[in-house]
Amino acid sequence: MNSLNSTLPLNTTFVSPPFFFLNGLNNMRHAKYYYVFLSFIFVVSVLGNSFVMFIIYTEHSFHTPKYMAVFNLAVADLGESTALIPNVIAMFLFDSQYISFDACLANMFFVFFFSCLQSLSLTLMTYDRLVAICLPLRYHAIITMQAMAVILTVVWAYDSVLLILMVSLITRLSFCKSIVVKSHFCQHESIYSLACNDNFINHVISRLNVTLFVYIPFILIVLSYIFIAGAVFKIASWEGRFKAIKTCSAHLMLVSLHYLPVIGTHITSLTSTLKSDASIMNLSIVKAVTPMMNPIIYVLNTEDVRVFSKKLVKNKKLKKKTRTKLQQK
């Protein structure tokens, strides 16, 4: 490892080193079992999110503003899994932890872009639930397909601009001491902390993005659910209250799964109560498992999706029986 740290001479300035060395999961015990686990997660994530996108695209009854937001979340989940997991598995299979400078920047952009898109999508879904429960009579006037399309366009533009700025500022740094990245992917903070020149603006952007994409969306979601809880308690019948709570249960599980581990990791990293290796392992598991669990949770807890899924399976079985009978004749 020391040889890698001294690969670049101290008296030479490199604006862009030829490669980085990712050693975040270098000393992990029973590594092969972890990578098998990651492979399983990736397959389930791809199949689950592809299925959610397929049913929303093909079923006309799902062409609503609510399911546009759900479709956007599935895109974010699929994008993050694809940007992160295959690269980690490839490092293990080919026993190569080197990544070129340009590939590293691309990896950084796409992992963070889709991760931030997840956060914004969950916030957007909260807004949908807030209007549906607090302003049910005005829901269809406020949450229209056109309004949702505009909001999603703004979300993608907002995410793109901030992440492009974050990644482009890495190119102004000089890496003259170390190329060893203490992470399992090209994490922003792990990269800019290796720079020899002033990286204060990169640090500011890093903290700004955490605030804009994690803390503020989480606070907005919590405040929204406070208003939702107030509206639910005003409903006279227990049946009406239960129905309102049920419509939010799947979304609350998605929010908990996404935000609580991420916020917990950020807090522990600031207080230094979690060892670096443990923090990296926790982050790698969270970023891999969340995109896999989102479609499972939504399919299992959303009645419309369950009904359509059963209908789809039933139709396939019927077609198979019909085909078998025709072949026998």
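These figures come from a predicted structure and were not determined experimentally.

### A short note on the packing of helix α3 (residues 65–93) against helix α4 (residues 101–134)
Two quantities define a packed helix pair, namely the angle between the helix axes and the distance between the axes. Two numbers describe how α3 lies on α4: the axes approach to 8 Å, and their chain directions differ by 155°. Relative to α4, the element α3 is oriented roughly antiparallel. Along this stretch, α3 crosses α4, giving a crossing that reads as left-handed. Class assignment for the residues of the contact of α3 with α4 results in 14 nonpolar, seven polar and five charged.

### Thoughts on α4
The terminal C-alpha atoms of α4 lie 49 Å apart, and with 34 residues this matches the ideal 50 Å at 1.5 Å per residue to within 8%. Most of α4 is tucked away, with 27 of its 34 residues classed as buried.

### Some points on the state of the cysteines
Scanning all chains against the criterion turns up two disulfides. What pairs with Cys104 in a disulfide is Cys186, and their sulfur atoms sit 2.0 Å apart. One quick way to see it: the torsion about the S-S bond of Cys104 and Cys186 is about -125°, and its sign makes the bridge left-handed. You can see Cys104 sitting in helix α4 and its partner Cys186 sitting in the loop between β3 (180–181) and α7 (188–192), a full 82 residues away along the chain. For Cys176, the disulfide goes to Cys196, at an S-S distance of 2.0 Å. In this structure the cystine formed by Cys176 and Cys196 twists about its S-S bond by roughly -130°; its chirality is therefore left-handed. Note that Cys176 is positioned in the loop between α6 (145–168) and β3 and Cys196 in the loop between α7 and α8 (200–233), a separation of 20 residues in sequence. For the protein chain, numbering the cysteines in disulfides from first to last along the sequence yields the connectivity 1-3, 2-4. You can see Cys248 has no disulfide; the closest cysteine sulfur is in Cys134, sitting 9.0 Å from it.

### Focus: the pattern of salt bridges
Overall, the coordinates contain two salt bridges when judged by the stated rule. For Asp128, the salt bridge goes to Arg129, with nearest N and O atoms at 2.7 Å.

### Remarks on a nonpolar patch on the surface
Taken together, the side chains of Ile216, Ile219, Leu220, Val222, Leu223, Ile226 and Phe227 present a nonpolar region at the surface, about 650 Å² in accessible area. Relative to the helices and strands, Val222 resides in helix α8. For Val222, a relative accessible area of 36% puts it in the partly exposed group.

### Remarks on the packing of aromatic side chains
Two aromatic rings are characterised by how far apart their centres lie and by the angle between their planes. Applying the stated criterion to the full structure yields 15 aromatic pairs. A centroid spacing of 6.4 Å and a plane angle of 65° characterise the contact between Phe101 and Phe175, whose relative ring orientation is edge-to-face. Taken as a pair, Phe101 in helix α4 and Phe175 in the loop between α6 and β3 lie far apart in primary sequence, 74 residues in all. Given the relative accessible area of 0%, Phe175 is considered buried.

### Here's the deal with the confidence of the model for the protein chain
Segments scoring low in pLDDT should not have their predicted coordinates read at a detailed level. Of all residues in the protein chain, 87% attain a pLDDT of 70 or more, and the chain-wide mean is 84. Taken element by element, the protein chain is modelled with least confidence in helix α1 (residues 2–5), mean pLDDT 50, and with most confidence in α6, mean pLDDT 96. Here residues 6–12 is modelled with pLDDT under 50, and outside its nearest four sequence neighbours on either side it reaches 13 contacts, counting other chains as well.

### Considering the nonpolar core
With 51 residues, the main nonpolar core has Phe20, Leu38, Met108, Leu163, Ile170, Phe175 and Ile191 as its most contacted residues. When residues of this core are traced back to their parent elements, those giving at least two are β1 (19–22), α2 (31–58), α3, α4, α6, α7, α8 and α10 (276–301). A total of 12 residues in this core trace back to one element, the largest contributor, which is α4. When neighbours within four sequence positions are excluded, Ile191 is seen to be in contact with Phe20, Cys104, Met108, Ile170, Phe175, Val181 and Cys186. One finds Tyr67, Val214, Val262 and Phe308 within the second-largest nonpolar core, a separate group that totals 42 residues.

### A look at the packing of α6 against α8
For the pair α6 and α8, the least separation of the axes is 10 Å and the interaxial angle reads 160°. Between α6 and α8, the angle falls in the class roughly antiparallel. The hand of the α6/α8 crossing is left-handed. Taking contact as the criterion, the partners of Tyr158, Asp159, Leu162, Leu163, Leu165 and Met166 in α6 are, on α8, Ile205, Asn209, Leu212 and Phe213.

### Regarding the sheet that holds strand β2 (residues 98–100)
Through backbone hydrogen bonds, the strands of a sheet pair up, either in parallel or in antiparallel fashion. Taken together, the three strands give an open sheet; going across it, the order is β2-β1-β3, and neighbouring strands pair in mixed fashion. Each having just a single partner strand, β2 and β3 make up the two edges of the open sheet. Of the pairings in the sheet, the one linking β1 to β3 comprises two bridges and is parallel in character. Each bridged residue has a counterpart across the sheet, and for Phe21 the counterpart in β3 is Val180. Against the sheet, α4 touches β1 and β2, its axis set at about 90° to β2.

Rules used throughout
- Residues numbered from 1 in each chain as written.
- Predicted model: local features only at pLDDT ≥ 70, side-chain atom pairs only at ≥ 80, totals over all residues.
- Heavy atoms only, no water.
- Axes fitted to C-alpha atoms, helices over the stretch in contact; angles between N-to-C directions.
- Helix = DSSP H or I, 4+ residues; strand = E, 2+ residues; numbered from the N terminus.
- Parallel < 35°, antiparallel > 145°, perpendicular 65-115°, else oblique.
- Left-handed = near helix turned anticlockwise from the far one by under 90°.
- Nonpolar A, V, L, I, M, F, W, Y, C, P; charged D, E, K, R; others polar.
- Expected span 1.5 Å × (residues − 1).
- Buried < 20%, exposed > 50% of the residue type's maximum accessible area, 1.4 Å probe, protein only.
- Disulfide = S-S within 2.5 Å.
- Salt bridge = Lys/Arg side-chain N within 4 Å of Asp/Glu carboxyl O.
- Patch = residues over 30% accessible without salt bridge, like charges linked within 9 Å, V, L, I, M, F, W, Y side chains within 5 Å.
- Areas by Shrake-Rupley, 256 points an atom, 1.4 Å probe, with all protein chains shown as cover.
- Phe/Tyr/Trp six-rings, centres within 6.5 Å; stacked < 30°, edge-to-face > 60°.
- pLDDT = per-residue confidence, 0-100.
- Contact = heavy atoms within 4.5 Å.
- Core = buried A, V, L, I, M, F, W, Y, C linked by side-chain atoms within 4.5 Å.
- Pairing = 2+ DSSP bridges.

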